[in-house]
Amino acid sequence: MTLNEQINEAEKDLKFFTDLLKDIQAIENKTEGNKYAEKKCLEMIANLECFFDRIDYHTQVTYD
């Protein structure tokens, strides 16, 4: 898998998890399962943002 394919897949995943997180947070009566899903979504979003930060840093180092 090339870097561009990885970036495209990560962008799709980021959109999916942010939309899912919004839906979970809109639920009024939270259960343990909803809280767990919210926590996992936040973890996945943090991992994806870290991935994008590393790409941005690598791009800045390469072109500076």
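Structure: above.
Here we summarise the structure given alongside this text.

What counts and how
- Counting restarts for each chain: residues are numbered from 1 in the order of the written sequence.
- Only residues with pLDDT of at least 70 are given local features in this predicted model, and only at 80 or more are side-chain atom pairs given and counted; all residues enter the totals for whole chains, interfaces and linings.
- Side-chain figures throughout are based on the complete set of non-hydrogen atoms in the structure, without hydrogens or water.
- Side-chain atoms within 4.5 Å link the members of a nonpolar core, which is a set of buried Ala, Val, Leu, Ile, Met, Phe, Trp, Tyr and Cys residues.
- We call a residue buried when its accessible area falls under 20% of the maximum for its residue type, exposed when it is over 50%, and partly exposed in between, using a 1.4 Å probe and counting protein chains only.
- Put simply, DSSP marks the helices as runs of H or I at least four residues long and the strands as runs of E at least two long, and each gets a number from the N terminus on.
- Note on contacts: a residue pair qualifies if any of its non-hydrogen atoms lie within 4.5 Å across the two residues.
- Planes of paired rings set the category: under 30 degrees apart is stacked, over 60 is edge-to-face and the rest tilted, where pairs are Phe, Tyr or Trp rings (Trp by its six-membered ring) whose centres lie within 6.5 Å.
- The salt bridge criterion pairs a side-chain nitrogen of Lys or Arg with a carboxyl oxygen of Asp or Glu, the two atoms within 4 Å.

## Structural notes on the nonpolar core
Within the largest apolar cluster, eleven residues are counted, these being Ile7, Ala10, Phe17, Leu21, Ile24, Cys41, Ile45, Leu48, Phe51, Phe52 and Ile55. If you list the elements that add at least two residues to this core, you get helix H1 (3-26) and helix H2 (32-63). The dominant element in this core, judged by the number of residues it contributes, is H2, at six residues. Ignoring sequence-local partners within four residues, the contact set of Leu48 consists of Ala10, Asp13, Leu14 and Phe17.

## Quick word on the packing of aromatic side chains
Tallied over the entire structure, the rule returns two aromatic pairs. Here the aromatic rings of Phe16 and Phe17 are separated by 5.2 Å at their centres, their planes lie at 75 degrees, and the arrangement is edge-to-face.

## A few points about the pattern of salt bridges
Counted according to the given criterion, the structure contains four salt bridges. A salt bridge links Lys15 to Asp19, with the nearest nitrogen and oxygen atoms 2.9 Å apart. Remark: Asp19 and Lys15 occur in helix H1; sequence separation between them is four residues, near one turn of the helix. A relative accessible area of 52% places Lys15 in the exposed class. Here Lys30 and Glu38 are joined by a salt bridge, their closest N and O atoms 3.4 Å apart.

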